[in-house]
Amino acid sequence: MAFIEAQQVRFSYDAESVDAQEVLHGVDLSIEEGEFVALLGHNGCGKSTMAKLFNGMLVPTAGKVLVGGIDTSVEETQLDVRRQVGLVLQNPDNQLVAGVVEEDVAFGPENLGVPPEEIRRRVEAALKAVDMYEYREHAPHKLSGGQKQRVAIAGIIAMETKCIVLDEPTSQLDPAGSEEVFAAVDRMTEAGITIIMVEQKLEKLAEYCNKILLLHQGKQIVFDTPEQIFSREELQSYGVNPPAYTRICQAFGVKKENGCYPASLKDALALKDLFPGEEAFCPEKILLDNNKDMKNKNGQMEHSVTTDESMKLTISCKKNVFDIEHLEFQYLENVPVLQDINLT
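No experiment lies behind these values; they were computed from the predicted model shown.

> I tried to follow the packing of helix α5 (residues 145–157) against helix α6 (residues 175–190) on my own but got confused; where do I start?
When two helices pack together, you describe them by how their axes are tilted relative to each other and by the distance separating the axes. At a closest axis distance of 8 Å, the pairing of α5 and α6 adopts a crossing angle of 20°. Judged by the inter-axis angle, α5 sits roughly parallel to α6. Considering how the two elements wind past one another, α5 and α6 form a crossing that is right-handed. Facing G146, Q147, Q149, R150, I153 and I157 of α5, the residues of α6 in contact are G177, E180, V181, A184, V185 and M188. The residue makeup of the contact of α5 with α6, split by class, is six nonpolar, four polar and two charged.

Below is the structure:
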């Protein structure tokens, strides 16, 4: 039996109200222990609602969510569900409750009644798992966004849950902070922890996750591997663009043996020999291709452009995308952020 199952799940906020609108319309999926599953779709499609259903923060208005065979809607066993599935919110500040990092990580196990010696062991192991042990005595509010998010993840790890649900954990982070979070999550999956993540960074999802649930207007479109989903012709109609590597492969018709376009950089590089060489883009090649169709009615060549002329034409046709001269900017008076920036 799968670790987590959703069986025809439907959900409405204010379900008993006459104006209630259903936001999820019959979701079916099975997640095995140790898998990394992403929830994907346009804003308002029901991703965050689905994430909260997995640990019993919300319960279905119809259908069932089962965690280890336990029905999340049964009030008497909801604590057992939350012991198995932890939730990390979008804003880590909403989950940090203590003035010291190690005390914050210990908060969850303390509330579960874990003995003090065991709590110390768990806190140390959790902080090391997310590479934050050296910050154990720091104040959480002085950490960067990526570090705060890793502390929040450590708090869930210390509760020894089998699954961690993350609701857009990198949405407020810079690229470095996002990389820190994904690296921490990758270590979790290597340790056998199930990961469910709501995320919009498609290149990262293609690199790390096993399966993706694609939602659109509350409906389940498909639950499949990243390469299968990102190869779908109608993907953009659901408000999702394929990752950059997939779009490049689509432009050149480069496919894997299974007929899918590569979804990650690793997969694209594995097929590098199928891409056209540099000569396909040089002026001489373009010139020869153009001259093939420049014969007149008598079969003779019309006046064609020489290579030198082609080079000059190529250069003359280029237009600058940006022209920036002597740019300066400041948020506060007399505190410059940018000074004398020039680029074309």
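Resuming the write-up.
> How do you make sense of the packing of aromatic side chains when you look at a structure like this?
Aromatic rings in a pair are described by how distant their centres are and how their planes are angled relative to each other. One pass over the structure, following the stated rule, counts three aromatic pairs. Ring geometry for F182 and Y208: centres 5.4 Å apart, planes at 20°, overall stacked. A residue pair is termed long-range when its members are at least 10 positions apart, and F182 in helix α6 and Y208 in helix α7 (residues 202–208) qualify at 26 residues. The exposure class assigned to F182 is buried, which follows from its relative accessible area of 0%. By relative accessible area, Y208 is classed as buried at 16%. Here K128 stacks its cationic end above the ring of Y133, 5.0 Å away from the centre of that ring. Between the NZ or CZ atom of R136 and the centre of the ring of Y133, over which it lies, the distance is 4.1 Å.

Criteria and cut-off values
Residues numbered from 1 in each chain as written. Predicted model: local features only at pLDDT ≥ 70, side-chain atom pairs only at ≥ 80, totals over all residues. Heavy atoms only, no water. Axes fitted to C-alpha atoms, helices over the stretch in contact; angles between N-to-C directions. Helix = DSSP H or I, 4+ residues; strand = E, 2+ residues; numbered from the N terminus. Parallel < 35°, antiparallel > 145°, perpendicular 65-115°, else oblique. Left-handed = near helix turned anticlockwise from the far one by under 90°. Contact = heavy atoms within 4.5 Å. Nonpolar A, V, L, I, M, F, W, Y, C, P; charged D, E, K, R; others polar. Phe/Tyr/Trp six-rings, centres within 6.5 Å; stacked < 30°, edge-to-face > 60°. Buried < 20%, exposed > 50% of the residue type's maximum accessible area, 1.4 Å probe, protein only. Lys NZ or Arg CZ within 6 Å of the ring centre and 35° of its normal.

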